[in-house]
Amino acid sequence: MGILQGGRLVQWMDIAAAVCAQTHAGKICVTASIDTVSFKRPAYVGEILTIEAKITRAFTTSMEIMVSAWSKSVSSTRKHLISESYFTFVAIDEEGKVSPVNAVKPITPEDRKHYDEAWKRKKRK
Ligand SMILES: CC(C)(COP(=O)(O)OP(=O)(O)OC[C@H]1O[C@@H](n2cnc3c(N)ncnc32)[C@H](O)[C@@H]1OP(=O)(O)O)[C@@H](O)C(=O)NCCC(=O)NCCS
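Residues numbered from 1 in each chain as written. Predicted model: local features only at pLDDT ≥ 70, side-chain atom pairs only at ≥ 80, totals over all residues. Heavy atoms only, no water.

## Re helix H2 (residues 109-124)
Each α-helix winds once per 3.6 residues, and so residues spaced three or four apart point in a common direction. Between the first and last C-alpha of H2 there are 23 Å, a value that for 16 residues agrees with the 22 Å anticipated at 1.5 Å per step. Looking at H2, one finds that the buried residues are Asp 111, His 114, Tyr 115, Ala 118 and Arg 121. In a view along the axis of H2, the buried residues occupy a sector of 125 degrees, so they form one face of it. Seen from the buried face of H2, the exposed residues on the opposite side, beyond 90 degrees, are Pro 109, Lys 123 and Arg 124. (Helix = DSSP H or I, 4+ residues; strand = E, 2+ residues; numbered from the N terminus. Expected span 1.5 Å × (residues − 1). Buried < 20%, exposed > 50% of the residue type's maximum accessible area, 1.4 Å probe, protein only. Arc of directions from axis to C-beta.)

In C-alpha cells, the structure reads:
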C-alpha cells in the first residue's frame, strides 16, 4: 500500500526508547511495557521519519520514556506527528536483576507536567 507498517514503527520507537533509557541509566534496560500506541497519520514510502525519545520520570528501577514519531516529505519542511506512546523500561544489572536508576529533575513547566503525569500513569499499571 506504500505506507509504513505499524509494527515496524513500534520496533523503531522501542529502539529509540531503549537508547534513551540506557543513556540515562548507564546500564542495560529492558522494555517492561508499552502504553496504547495510536497511529495518527500514515507515513508514506520515501518520507523522512524522525523519532524522538525523552525520559519523563525515573522511579526506583523503572523509567518512563515518551516517544514521538514524525514524518515529512523530502520537498517539505512541515513535519506531521504520526504516532506517540509511553514506554516503561527497567534497568538490570550484570546478573539480570532489577537495578536502581538516578532520579530525573524536571526543569521546564512542560517537563514538570510530564513528570507529574508519569506518576499517575505508573499508579494505573
Ligand atoms: C521488566 C522486568 C525486568 C521486571 O522484573 P520484575 O521481577 O517483575 O521486577 P519488579 O516487580 O521488582 O519491578 C521492578 C520495576 O519494574 C516495574 N515493572 C514491572 N513490570 C512492569 C510492567 N509490566 N509495566 C510497567 N512497569 C513494570 C515495577 O513497577 C518496578 O518499578 P520501580 O522499581 O521503578 O518501582 C521483567 O518482568 C522482565 O524481564 N520482563 C521481560 C522484559 C523483556 O524481555 N522485554 C523485551 C520484550 S520481549
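Read on for the rest.
## With respect to the site of the ligand
Near the ligand there are 13 residues, and of these Thr 31, Thr 60, Thr 61, Ser 62 and Lys 122 occur at the shortest range. In the model, an oxygen atom of the ligand is placed 2.9 Å from a nitrogen or oxygen of the Thr 60 main chain. Protein chains bury 43% of the 930 Å² of accessible surface belonging to the ligand in isolation. Of the residues forming the shell around the ligand, the biggest block, four residues, is contributed by strand S1 (residues 29-34). For the shell around the ligand, the residue count by class is five nonpolar, six polar and two charged. (Near = heavy atom within 4 Å. Polar contact = N/O pair within 3.5 Å; in protein donor to acceptor, adjacent residues only side chain to side chain. Areas by Shrake-Rupley, 256 points an atom, 1.4 Å probe, with all protein chains shown as cover. Nonpolar A, V, L, I, M, F, W, Y, C, P; charged D, E, K, R; others polar.)

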